[in-house]
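# Remarks on the overall topology
So you can see what is in the structure, the chains are spelled out below.
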Amino acid sequence: MSETHPANPSSAAHPVAEPSRRKRRWPRFLFITAAWMVAIIVVLSGIGTLWLRSAAKAALPQIDGDIHLAALSAPVTVRRDAHGVPHIDAATQEDMFVAQGYVTAQDRLWQMDVYRRNANGELAEVMGPSLLRHDKAQRMFEFRNTAHRIYANLPAEERARYEAYARGVNLYIAQRQDSLPPEFRFLHYKPQPWTGADSISIGMMMVDMLDTHWHTKLSRERIAAKLHNPKLESDLYPVGSWRDHPPTGELLDLSKPHPQPPGTPDDEDNERSETRALPPARTVTPLGAPSKPRFLRFGWNPTIFDVLATFSTQIDRSCRDCTPGSNNWVIAGTHTASGNPLLSNDMHLSLTEPNIWYMADLHAPGFHAAGVTLPGMPFVIAGHNEHVAWGFTALYADVQDLYIETLDGKGNFKVADGSWKPLGVDRETIHVRGHGDVAYDVRFSDHGPLLDPLFTKDSRAIAVKWTLYDPTQNSIPLYAINTAANWSDFQTVLSHWCWPTQNVVYSDDQGHIGYHTVGLIPLRPAGIANTPIADTAHEWQGYIPFDDLPNAFDPPSGFLATANSRVTSDKSKYPLTNDWADPYRAERIYKLLQGRDQLKPADMLAVQTDIYSEMDQEMGHRLATAIDHAPNADDELRKASDLLRNWDGRLTVDSAAASLVTQTRYTLRRMILEPKLGKEDAENYQWSESNFAIEEIVMNAKPDWLPPNYKDWDAFLADAVDRAMKEGKAPADVSTWNYGSWHVVDIEHPLSSFLPYISRIAGTGEQPLSGDTITVKQVGRSFGPSQRFTMDWSNIDGSTEDIVLGESGNPYSPYFRDQWNDYYNGRTFALPFTPAAVSANTQHTLRLLP
């Protein structure tokens, strides 16, 4: 008989209990592991923060005391005022330019190096393969080679000034090898020696930004092919407008009413509907009171102002129509309180950290100029000297054409006489960090470099012809501008200006004012080509003579202004472009200033910061009328209608109507274009006057553009408002939809995406932003006035200039962001100029000794 033993309870339970305990240990293990990882990250972040702080503080420049520089022939004094602006006083001009290079490198060396690499197509060498496409584009457009050509052809005395500047930069680099700006240390590289040609490369960067429009010709060709209708094409591509105010100097009648849009069937019963007449007094009261971004133009090639300024992939919906532009104007003494001219200039560019401009005052025998300089280039770009003042806006002249070339597949292209000629080839080598070198061939026809299909998505051989590529043109007359003494001198200098094309306003200490268009603009007997050229009739025949470009001197009106819109009139001999900017800013400036007397510098600042938009107000009234006629409008839409109807047209940060009208304009653009173009081409529609094009389509209720699923324009516009509220995430109570809750400015350090700590100490963070893309204060998320300048010849030391953030690129400098509050709140300050004023405002004194 077998023996039976009772089961052991503990041994029987063990196979079940052990897995259960193991399961309970896993959460604890994961928690401990995660805690350790967090702790390690915190520690490493802390170490990184301490390292970055230490590196940044070590890189702060010496701004007091003595520094010996072997390149000097005599001592140079650098006095910095309350905003850290250097006032350089030298015994010779050569020493002055050495000091300018040295002092600019003290504050902006990494920015200078990045600008140089951006222009030359050398960013991938230090930032890796993500910037290879950018570098290929820069090599394709030959900016580095063009800079070397221009530099080699400068007069010897001009090259000597660039070389002196380069010596100053190199002296600073040599002295600070162990305490370079922290960006160099973070990216583990050191700057190469500076050369005079590098300064020209940075000038090429500006030419590229301000004169590049060829991409519009490609996109227009695609869109025209889709429309198959010349009338619809002309609707999308207006050439100037009835709102334009060319700077002819003639007295303009600003009291004429605007063209009236067609009425709706019920307008006779709707006394609340608005006309397009200018609202009374409202246009002047702010004076007494305190497009796609360029980086979308190819869909692939961000500029330094977009990639390196933010490294952001977010598309700024509030700045769909931001294009590099500016405002400038000049007023004769007959209209000012002092009896002396006033000149103002604010140049609209991407807002970067540090700022694109660097303020400086340069003085040596035979030279005294102050204003904004471009880091990496000598001289003053815009500002004044002891006798004349000047300011710039982009002209938008058409200086590029696209030519479709015929290739034989054997390396040859067909020339005009039918013969074949070998393509030129420039073999480029692009260094890529962490990867092998990339060989890149740039091919040329007689017209210019062939566009790489990688960028155009077009298999045709298309060459870019550009005034920049003319080997006979190599003048950059900044020194002569800085030293001009009167209008005769100034005009002579401007006649040698090649690129970029600009509008220049002028005033002097003798009471004169003037204006002139500058730059090389092709003579095209067959007319301006809006799309790529496939014939021989559109070859250039030289350039428009300087004296035939728009100009004025001491005009009867005593007032001249430009803001990138059309500057030609019916009397102009030659067309300059078909792609003018929207007319709204220039129109507003004329309405605020022309015919007024006793004007003061404070009035100039009020205009520069003006946020009233007549077009937005009129659009708001039209939208309100549409909602009034919409049978199915709900209570919230009716409330929106009341807000729009009663709006004063000022885009303040607390305005709900501003949110409604601007968000609706963005939505309308898409709703109008997509049915005819499709989503992709609607997105790629580019025209500098696109806001005016959409305004005309909407306000004139053009039937060809009404989408087929709407019975009339009222129903369409009411639905657009409703969609805009939904897409813009308007609150339940639309009256609380404050404009500044979503329309913001946010300026970030270039490396903030990699080092979040930098954004905390260096970035502005999101700040509510008034104005929009068509107000005089033209703004977007990272776009707007890059400086503000007003020259007052009655008080040269009271003339004002400010930039966006500050002079320094180092977050631990007191001059890194000391100007931001003034800039953001619409204030400014004087830039001392005379020796007495400079001495009275000196905060730091540095002596540079031989």
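Residues numbered from 1 in each chain as written. Predicted model: local features only at pLDDT ≥ 70, side-chain atom pairs only at ≥ 80, totals over all residues. Heavy atoms only, no water.

### Observations regarding the overall build of the protein chain
For clarity, the cut-off: Strands here are runs of E lasting at least two residues and helices are runs of H or I lasting at least four, both read from the DSSP assignment and numbered beginning at the N terminus. The classification of residues rests on relative accessible area computed with a 1.4 Å probe and restricted to protein chains. Under 20% of the type maximum is buried, over 50% is exposed, and intermediate values are partly exposed. Surface accessibility in these figures is a Shrake-Rupley result with a 1.4 Å probe; residues are shielded only by whichever protein chains are displayed.
When you go through the protein chain residue by residue, the secondary structure sums to 25 helices and 25 strands. Taking all 850 residues of the protein chain together, the buried fraction comes to 61%. Carbon together with sulfur atoms contributes 54% to the accessible area of the protein chain, which is approximately 32600 Å² in total.

### A few points about helix H19 (residues 635-645)
Here is the rule: Contacts are assigned to residue pairs that have any heavy atoms within 4.5 Å of one another. By the criterion applied in these results, polar contacts are pairs of N or O atoms within 3.5 Å in which, for protein atoms, one can donate a hydrogen and the other can accept it, and in which residues neighboring in sequence qualify only through two side-chain atoms.
All of the buried residues in H19 are Glu636, Leu637, Ala640, Ser641, Leu644 and Arg645. Its buried side turned inward, H19 meets helix H18 (614-628), helix H20 (656-684) and helix H22 (713-727). Its side-chain oxygen placed 3.3 Å from the backbone nitrogen of Glu636, Asp634 serves as the N-cap of H19.

### Some thoughts on empty space enclosed by the protein
Selection criterion: Site definitions follow a grid-based scheme: protein atoms alone, a 1 Å grid, a 1.4 Å probe that fits but cannot get out for cavities, and for pockets an open set with protein on both sides within 12 Å along at least five of seven lines, plus lining residues having an atom within 4 Å of a point. Grid points are joined across faces, edges and corners, and a volume is the space filled by probe spheres set on the points.
If you add up the space inside the largest cavity, you get close to 320 Å³. Surrounding the largest cavity, 24 residues form its lining, Met206, Leu210, Ile381, Trp497 and Pro500 being those nearest its centre. Put simply, the parts of the chain that give the lining of the largest cavity at least two residues each are helix H8 (196-211), strand S4 (325-331), strand S5 (342-350) and strand S9 (388-394). Ranked by residues supplied to the lining of the largest cavity, first place goes to H8 with six residues.

### Thoughts on the pairing of S5
Which entries qualify depends on this criterion: Only when DSSP finds a minimum of two bridges between them are two strands counted as paired.
Extensive coverage of S5 is indicated by the burial of nine of its nine residues. Summarising the sheet, S5 and strand S22 (residues 783-785) pair through three bridges and their orientation is antiparallel. By the bridge assignment, His348 is partnered in S22 with Pro785.

### Thoughts on unusual backbone geometry
The linkage connecting Glu353 with the following residue, Pro354, adopts the cis geometry, with an omega of 5°. Mapped onto the fold, Pro354 is located in the loop between S5 and strand S6 (358-364). Unusually for a residue other than glycine, Asn564 sits at a positive phi of about 80°. Note that Asn564 resides in the loop between strand S19 (559-562) and helix H16 (584-593). A positive phi angle is found at Gln598, which is not glycine, with a value near 60°. Tracing the chain through its elements places Gln598 in the loop between H16 and helix H17 (601-608). In this structure Gln598 comes out as exposed when scored by relative accessible area, which is 53%.

### Description of the sheet that holds strand S2 (residues 76-80)
Quick reminder of the rule: Only the stretch in contact is used when fitting a helix axis, every axis being a line fitted to C-alpha atoms; angles between N-to-C directions are given from 0 to 180 degrees.
Judged by pairing direction, the sheet is mixed, and its 11 strands sit side by side in the order S1-S25-S2-S3-S6-S7-S8-S9-S16-S17-S18 without closing on themselves. Of all the strands in the sheet, the pair left with one neighbour each is strand S1 (65-68) and strand S18 (551-553). In this sheet, adjacent strand axes meet at a mean angle of 20° when their direction is disregarded. The pairing of strand S16 (residues 502-508) with strand S17 (residues 513-518) spans six bridges and is antiparallel. In the sheet register, Ser507 faces S17, and the bridge partner there is Ile513.

### Considering the pattern of salt bridges
Our working definition: Each reported salt bridge corresponds to a side-chain nitrogen of Lys or Arg within 4 Å of a carboxyl oxygen of Asp or Glu.
Overall, the coordinates contain 46 salt bridges when judged by the stated rule. Ionic pairing is found between Lys591 and Glu587, a salt bridge with its closest N-O pair at 3.6 Å. Residue Lys591 and its partner Glu587 are both found in helix H16; the two are separated by four residues, about one turn of the helix. Grouping residues by exposure puts Lys591 and Glu587 together as buried. The salt bridge partner of Asp822 is Arg827, with a shortest N-O separation of 3.0 Å. On the basis of relative accessibility, which here comes to 18%, the residue Asp822 falls in the buried class. Members of the salt-bridge network, linked through shared partners, are Arg243, Glu587, Lys591, Glu614, Glu618 and Glu695.

### Focus on the packing of helix H5 (residues 143-153) against H8
Formally: Angle categories are assigned with fixed cut-offs, so that under 35 degrees is roughly parallel, over 145 is roughly antiparallel, 65 to 115 is roughly perpendicular, and the rest are oblique. Left-handed describes a crossing in which the near helix is turned anticlockwise from the far one by less than a right angle; the clockwise case is right-handed. Charged means Asp, Glu, Lys or Arg here, nonpolar means Ala, Val, Leu, Ile, Met, Phe, Trp, Tyr, Cys or Pro, and polar covers whatever is left, Gly included.
Two numbers describe how H5 lies on H8: the axes approach to 8 Å, and their chain directions differ by 120°. Judged by the inter-axis angle, H5 sits oblique to H8. Seen from above, H5 lies across H8 with right-handed handedness. Facing Phe143, Arg144, Thr146, Ala147, His148, Ile150 and Tyr151 of H5, the residues of H8 in contact are Gly196, Ala197, Ile200, Ser201, Met204 and Asp208. Residue composition of the contact of H5 with H8, grouped by class: seven nonpolar, four polar and two charged.

### Some details on the confidence of the model for the protein chain
As a reminder of what qualifies: Confidence of the predictor in every single residue is expressed as pLDDT, which spans 0 to 100.
Of all residues in the protein chain, 85% attain a pLDDT of 70 or more, and the chain-wide mean is 89. Taken as a whole, residues 1-14 scores under 50 in pLDDT and shows two contacts with residues more than four places along the chain or in a different chain. Below pLDDT 50 for its whole length, residues 261-319 participates in 158 contacts with residues either more than four positions away or in separate chains.

### Overview of the nonpolar core
How we decide: What we call a nonpolar core is a set of buried Ala, Val, Leu, Ile, Met, Phe, Trp, Tyr and Cys residues that are connected through their side-chain atoms within 4.5 Å.
Residues Trp357, Phe490 and Leu848 are the most contacted members of the largest nonpolar core, which totals 144 residues. Not counting residues up to four positions away in its chain, the partners in contact with Leu848 are Ile67, Leu69, Leu72, Ala74, Pro75, Val76, Val78, Ala99 and Tyr102. Counting 51 residues, the second largest nonpolar core, distinct from the first, contains Ile223, Met615, Ala624 and Trp647.

### Here's the deal with the packing of helix H2 (residues 93-120) against helix H4 (residues 132-140)
In a pair of packed helices, the angle between the axes and the distance between the axes together describe the arrangement. Relative orientation of the contacting elements H2 and H4 amounts to 65°, with a least axis distance of 7 Å. Considering the angle they form, H2 stands roughly perpendicular to H4. For the pair H2 and H4, contact is made by Asn118, Ala119 and Asn120 and by His134, Gln138 and Arg139, respectively. Grouping the amino acids of the contact of H2 with H4 by side-chain chemistry returns one nonpolar, four polar and one charged.

### Let's talk about the pairing of strand S10 (residues 400-405)
Counted residue by residue, S10 has five buried out of six residues, so it is predominantly covered. Inspection of the sheet shows S10 paired to strand S15 (residues 461-466) by six bridges, in the antiparallel sense. The residue bridging Gln400 from the neighbouring strand is Trp466, located in S15.

### Observations regarding the environment of Leu592
Tracing the backbone through its elements, the reader meets Leu592 in helix H16. In this structure Leu592 comes out as buried when scored by relative accessible area, which is 1%. C-alpha separation for the pair Leu592 and Met604, spaced 12 residues apart in sequence, amounts to 9.9 Å.

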